[in-house]
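# What the coordinates show
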Amino acid sequence: LAGVRAHGRRLAATALAIVLGVAFLTTTVAATERMERGVQEQVAAGVADRDLVVTDPTGELAAEVVDALRREPALEVIDTTLVVPGRRGGDEHALAVTPPRGPGVALLSGHWPDAEAGTVALSVTTARAAGLDVGDEVTFVPDHGPAAQEQGPRSGARTARVAGLMDVGQAPHLLGQDVLVVPEPVLRGWAPASGYREVLLDAAAGTDPATARAAVEQLAPGAIVRSGPEEARQRVAQSTGGSDVLGSVLLGFGAVALCTTALVIANTFAIVLAQRVRELALLRCVGATRRQLRRSVLVEAALLGSVASAAGVLTGLGAAWGLARLVTAQGWELAVDDGFLLSAAALWPWLAGLLITVLAAWWPTRRATAVPPVHALHPGELAAPRSRAGTWRLAAGVVLLLAGAAGLALAVSASSVTAGIAGGVLSFLGVLVLAVWLVPWLIRALGRLAGRGVPRQVALDGVTTAPGRAAAASAALLVGVTLVTMTTVGAATAERTALLEIDAANPVDVLVTGETHWEEEPPRAVAVPGHVATELAGLDEVRADLAVPGAPVSIEGGGLQEEALALGVDPAEAAPLLRDPAALAGLSEGTVGAPADLLAARGLPTGTDVTVTGPDGATTTARVVPVGLDHGWVAHPSVLAEAAPQAATAGVLLRLADGADTGEALTRVQQLTEGEQLLVTGGAGSRHALTEQLDLLVLVTTALLGVAVLIALVGIGNTLALSVLERGREHALLRALGLARGQLRGALALEGVLLAFGSALLGTLLGVLYAWAGVRSVLPPDVAMTLALPVGQLGLVL
């Protein structure tokens, strides 16, 4: 306790580093937990609280099964989800659904729909798009569905009065859809053959869950029966692709930040104990044993670690809550829980901070308490005993480096994020251990570029004669530069790789096509009006455009019989608009094409001859080839001219200018096509969504990375203070031998520059390596990765 009081100012820097490191880790853990809860609320609202959830592998649970579940006395049906696709007003795609649940669901005006009165509610976005309000009538025509294929098409328009307008929430299957909320009895009457998407059940009073599950399995053979928590976890896993990539990345940063904190703690305790060598020796003179001294300093570290870690946990929880509120306030498309959240997970960062503090203080404590009592009588300054880097350190560094390299190799080959984090941490620790050899060697190489003179020689001697001190001085900066480079290169690489994948899958930025009316005889494709095509081409964000003909055709051959809207695209004319020049390379005279995955799903080999029949009965023969245009079927103009000689302009391809505001461009395209029975597709939307998500990822990680850099800055200050403290007598001797004050300052400045630049170079190389391995471990094995090096940003880091 006396040590804490006497050296509080020196320990304040260590406390700051602990607070920042623990706050970093707490923010990561809390933010990840908030995102998990947010995703669960979005995709599994109300599911986790139920005893059982019943779904069907086909996606639709027969109505007769649901009725049987309702009649079973051991069960209580809590809620059902029935979704019927169709068309509102006969033209607009829409979904009729039973009342949704989850966050954001709210009645905004009017009242809830009533089964007896046969009323419905509309989502507020649907009402605005259709110009409808409470009291108006809405028409809905059900479409075909899997459960009704054998019973023929659902026919007949259903008309109902709008009872209210509502927000239907953030359920994934309702996003971007026209939604009619219809009471279950009414919707059953509209589409009797429709199947239920899910049924939520509770065991009746006095019935144990096992009996309830057995009853469900008997009444619904072949159905999927899970408990509420099991179903919630399954839906979260499906929503996140089975892996929490963002959480893994943040935890990786947290692990490296704690390593940085450990370095700062060790260096700071070395500073404090270097000042207390005489004090420790005097305590030995009055009877204190080495074990007592070591225990007293470790108790100081434990007190410091517990208090500073508690402050770090509170800071991290506050930061996570603030980030969640910011995401909600900004309306970013990221599911988070922004309420008050305090869980047992916050205990782990506190324990980590405490253990890191005690463990980091152990080594300098062991060295300082080795001072013999006779040193208390020494007339001059004393320094803590030093040991030369030996064989054991070299061996440990090599083992860590090799183990880390093996972990990174495993992460790359097996796409394992966990192995990547472990490999990165181990290899980085190996570099830090070997820095005693690496840093002086690098400094000597750089020193040859620093000219000649006494200050240069003093600076080089200061680094090379004390390699341990040089390694400690460069460690914190090495960590900071590695983190910054890893984030910068990783984000740039992920973005470039993903954009290339999007370009290959859908090389057209924007494709505007007319809707096809298959119910008419013959089928009719809505032509893109001339004024719309002209206005689209005139948008500021559009660099090039191409109007193409199209017609509804029938394609038969090779066991396939399919009706589709075929666009007649000339590969030479379309090439300037495509982001992937090879997308239409296989399309030539006498061919029709479709995406490779569509051909595989239809079981249609490349080269198969098919008969293409136009809406007026004209036919022609064509050969099937794979194309990269994600539209469906594409025909060479020569084929379309034979099958549909009267084909009108059915599509417009748009290439956006590089650097254009994609979000603004898509908004304007939607405005120009609204109400014209036109569909807007293309890769620009996916590119825009990806860019927004990566921007958010970089924003979050950079904010957390700023804390890690602050930790590194604290470490730099403490390590340089230790360096000056240890060499006070050396500097005085150099001054006595004639070195001018300016020359001494120049030598220290040059030493700092050499250490900084050497650390920056090494950190840049490590950051690029870790970014490459990290992105490769996240991507599926079949996705080709393209490494991106943002030279300007890396130069700025250096």
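If you're wondering where the values come from, they're calculated on a predicted model, not measured in any experiment.

Here is what the cut-offs are and how they apply
Per chain, residue numbering runs from 1 following the sequence as it is written. In view of the model being predicted, local features appear only for residues whose pLDDT reaches at least 70, and side-chain atom pairs are presented and counted only at 80 or more, with totals across whole chains, interfaces and linings using the full set of residues. Side-chain descriptors were evaluated using all non-hydrogen atoms of the structure, hydrogens and water having been removed beforehand. Throughout, an axis means a line fitted to C-alpha atoms (over the contacting stretch in the case of helices), and angles, computed between N-to-C directions, take values from 0 to 180 degrees. Counting from the N terminus, the helices are the DSSP runs of H or I reaching at least four residues and the strands are the DSSP runs of E reaching at least two. Crossings are sorted by hand: turned counterclockwise from the far helix by less than a right angle, the near helix makes the crossing left-handed, and turned clockwise it makes it right-handed. Two residues qualify as a contact provided that any one of their heavy atoms is within 4.5 Å of a heavy atom in the partner residue. For this classification, Asp, Glu, Lys and Arg are treated as charged, while Ala, Val, Leu, Ile, Met, Phe, Trp, Tyr, Cys and Pro are nonpolar and the rest, including Gly, are polar. Each reported salt bridge corresponds to a side-chain nitrogen of Lys or Arg within 4 Å of a carboxyl oxygen of Asp or Glu. Categorising residues by exposure relies on relative accessible area from a 1.4 Å probe, with only protein chains included: less than 20% of the type maximum marks a residue as buried, more than 50% marks it as exposed, and the intermediate range marks it as partly exposed. Definition of nonpolar core: a set of buried residues of the types Ala, Val, Leu, Ile, Met, Phe, Trp, Tyr and Cys, connected through side-chain atoms within 4.5 Å. A residue counts toward a patch only above 30% relative accessible area and without a salt bridge, and it is joined to like-charged neighbours within 9 Å or, for Val, Leu, Ile, Met, Phe, Trp and Tyr, to nonpolar neighbours within 5 Å. Note on areas: Shrake-Rupley, 1.4 Å probe, and residue coverage restricted to the protein chains presented here. Whenever a nitrogen or oxygen atom comes within 3.5 Å of another N or O atom, the pair is scored as a polar contact, on the condition that within protein one atom can donate a hydrogen and the other can accept it, and that pairs from neighbouring residues in sequence are kept only if both atoms are in side chains. Take the residue count of a helix, subtract one, and multiply by 1.5 Å to get its expected span. One axis is fitted to the seven residues ending at the residue and one to the seven starting there. The bend at that residue is the angle between these axes. Comment on the angle field: the value is read as roughly parallel under 35 degrees, roughly antiparallel over 145, roughly perpendicular from 65 to 115, and oblique elsewhere. Per residue, pLDDT measures the predictor's confidence, with a range of 0 to 100. Any two strands with at least two DSSP-identified bridges between them are counted as paired. In summary, the pairing rule links any two rings of Phe, Tyr or Trp, Trp by its six-membered ring, whose centres are within 6.5 Å, and it sorts them by plane angle into stacked for under 30 degrees, edge-to-face for over 60 and tilted for everything else. Think of a 1 Å grid over the protein atoms and nothing else: a 1.4 Å probe that fits but is trapped marks a cavity, an open set flanked by protein within 12 Å on at least five of seven lines marks a pocket, and residues with an atom within 4 Å of a point count as lining. Grid points are joined across faces, edges and corners, and a volume is the space filled by probe spheres set on the points.

On to the packing of helix α12 (residues 391-414) against helix α23 (residues 741-778), then. The interhelical angle for the contact between α12 and α23, taken along N-to-C directions, is 35 degrees, at an axis separation of 7 Å. As for the relative orientation of α12 and α23, their crossing is left-handed in sense. Taken together, the residues of α23 that come into contact with α12 (itself represented by L408, A411 and V412) are Y770, W772, A773, R776 and S777. Residues that form the contact of α12 with α23 fall into these classes: six nonpolar, one polar and one charged.

For the structure shown, the criterion picks out 11 salt bridges. For R213, the salt bridge is made with E230, and the minimal N-O distance between the two is 3.8 Å. Separated by 17 residues along the polypeptide, R213 in helix α6 (residues 209-219) and E230 in helix α7 (residues 228-239) bring together distant segments of the chain. When salt bridges that share partners are traced, they join D509, R579, R655 and D658 into one network.

Okay, unusual backbone geometry next. Cis peptide bonds are those with omega within 30 degrees of zero, and the linkage from E521 to P522 qualifies with 0 degrees. Inspection of the secondary structure puts P522 in the loop between β12 (516-517) and β13 (524-525). Backbone geometry places S415, a non-glycine residue, at a positive phi of 55 degrees. Structurally, S415 can be placed in the loop between α12 and α13 (417-447). For Q677, which is not glycine, the phi torsion reads 55 degrees and is therefore positive. Along the chain, Q677 falls in the loop between α20 (662-673) and β21 (678-681). Here Q677 falls in the partly exposed class, since its relative accessible area comes to 28%.

Attention now goes to the nonpolar core. For soluble globular proteins, nonpolar side chains are generally found buried alongside one another. If you look at the biggest cluster of nonpolar residues, it comprises 37 residues, and the most contacted ones within it are L61, V182, W190, L201 and V216. When near neighbours in sequence (up to four residues on either side) are disregarded, V216 contacts L52, V54, L69, L75, L201 and V225. Core analysis: the next-biggest nonpolar cluster, separate from the first, contains 25 residues, I18, L273, A320 and A360 among them.

We now examine a nonpolar patch on the surface. On the surface, L769, W772, L787, L789 and V791 cluster together into a nonpolar patch covering about 450 Å² of accessible area. Among the structural elements, V791 can be located in helix α24 (residues 791-797). You can call V791 exposed: its relative accessible area is 64%.

Now for the side chain of D509. Structurally, D509 can be placed in the loop between α15 (467-505) and β11 (510-514). Engagement of the side chain of D509 in a polar contact is seen with the backbone nitrogen of L656, the distance being 2.9 Å.

Right, let's get into helix α11 (residues 347-368). Helix length check: α11 (22 residues) gives 32 Å between terminal C-alpha atoms against 32 Å at 1.5 Å per residue, within 8%. Along α11, the largest kink reaches about 35 degrees and is centred on W362; proline P364 follows within four residues of it. Taken as a whole, α11 has its buried residues at P349, G353, L354, T357, A360, A361, P364, T365 and A368.

Before going further, it helps to spend a moment on the packing of α13 against α23. The geometry of α13 relative to α23 is characterised by a closest axis approach of 9 Å and an angle of 155 degrees between their N-to-C directions. One way to sum up the angle between α13 and α23 is to call them roughly antiparallel. Like other packed secondary-structure pairs, α13 and α23 cross with a definite hand, here right-handed. On the side of α13, the interface is formed by V417, G424, S427, F428, V431, V439, L442, I443, L446 and G447, while α23 contributes L754, L755, F757, G758, L761, L762, L766, Y770, S777 and V778. Split by residue class, the contact of α13 with α23 holds 15 nonpolar, five polar and no charged.

Turning next to the confidence of the model for the protein. On average, residues of the protein carry a pLDDT of 80, and 85% of them reach 70 or more. Across residues 145-155, where pLDDT falls below 50, the model places 18 contacts with residues more than four positions away in sequence or in other chains. A low-confidence stretch, residues 382-388 stays under pLDDT 50, and its non-local contacts, those more than four residues away or across chains, total 10 contacts.

Of all nine residues in strand β15 (residues 560-568), seven are buried; the element is thus mostly enclosed. Examined bridge by bridge, strand β14 (residues 542-557) and β15 share eight bridges and lie antiparallel to one another. Opposite V553, over in β15, you have A564 as the bridge partner. Connecting β14 to the next strand, β15, in antiparallel fashion are two residues, including G558 with a positive phi near 65 degrees.

For the rest of this paragraph, the subject is the side chain of H636. The topology assignment puts H636 in the loop between β19 (634-635) and α19 (637-643). You can call H636 buried: its relative accessible area is 11%. Residues contacting H636, with those up to four places away along its chain left out, are V569, P571, L587, S588, E589 and T591.

Take the environment of P142 next. Here P142 lies in strand β6 (residues 137-142). Take P142: its relative accessible area is 2%, and that puts it in the buried class. For P142 and A94, which are 48 residues apart along the polypeptide, the C-alpha to C-alpha distance reads 9.1 Å.

Mapped onto the elements of the fold, G659 is located in the loop between β20 (648-656) and α20. Spatially, the C-alpha atom of G659 lies 8.8 Å from that of E541, the residues being 118 residues apart in sequence.

Before going further, it helps to spend a moment on the packing of aromatic side chains. Two numbers describe a pair of aromatic rings. These are the distance of the centres and the angle of the planes. Inspection of every chain in the model, using the stated rule, returns two aromatic pairs. With centroids separated by 5.9 Å and ring planes inclined at 25 degrees, the aromatic side chains of F140 and W190 adopt a geometry described as stacked. Of this pair, F140 sits in strand β6 while W190 sits in helix α5 (residues 184-190), and the two are 50 residues apart along the sequence. Both residues of the pair, F140 and W190, count as buried.

What follows covers empty space enclosed by the protein. Any empty space left between atoms is shown by rolling a water-sized probe over those atoms. Inspection of the entire model under this criterion finds five cavities of 30 Å³ or more. One number sums up the size of the second largest cavity: a volume of about 50 Å³. What lines the second largest cavity is simply V439, L442, I443, S474, L478, L755, G758, S759 and L762. Among the secondary structure elements, those contributing two or more residues to the lining of the second largest cavity are α13, α15 and α23. Among the residues making up the lining of the second largest cavity, the classes are represented as six nonpolar, three polar and no charged.

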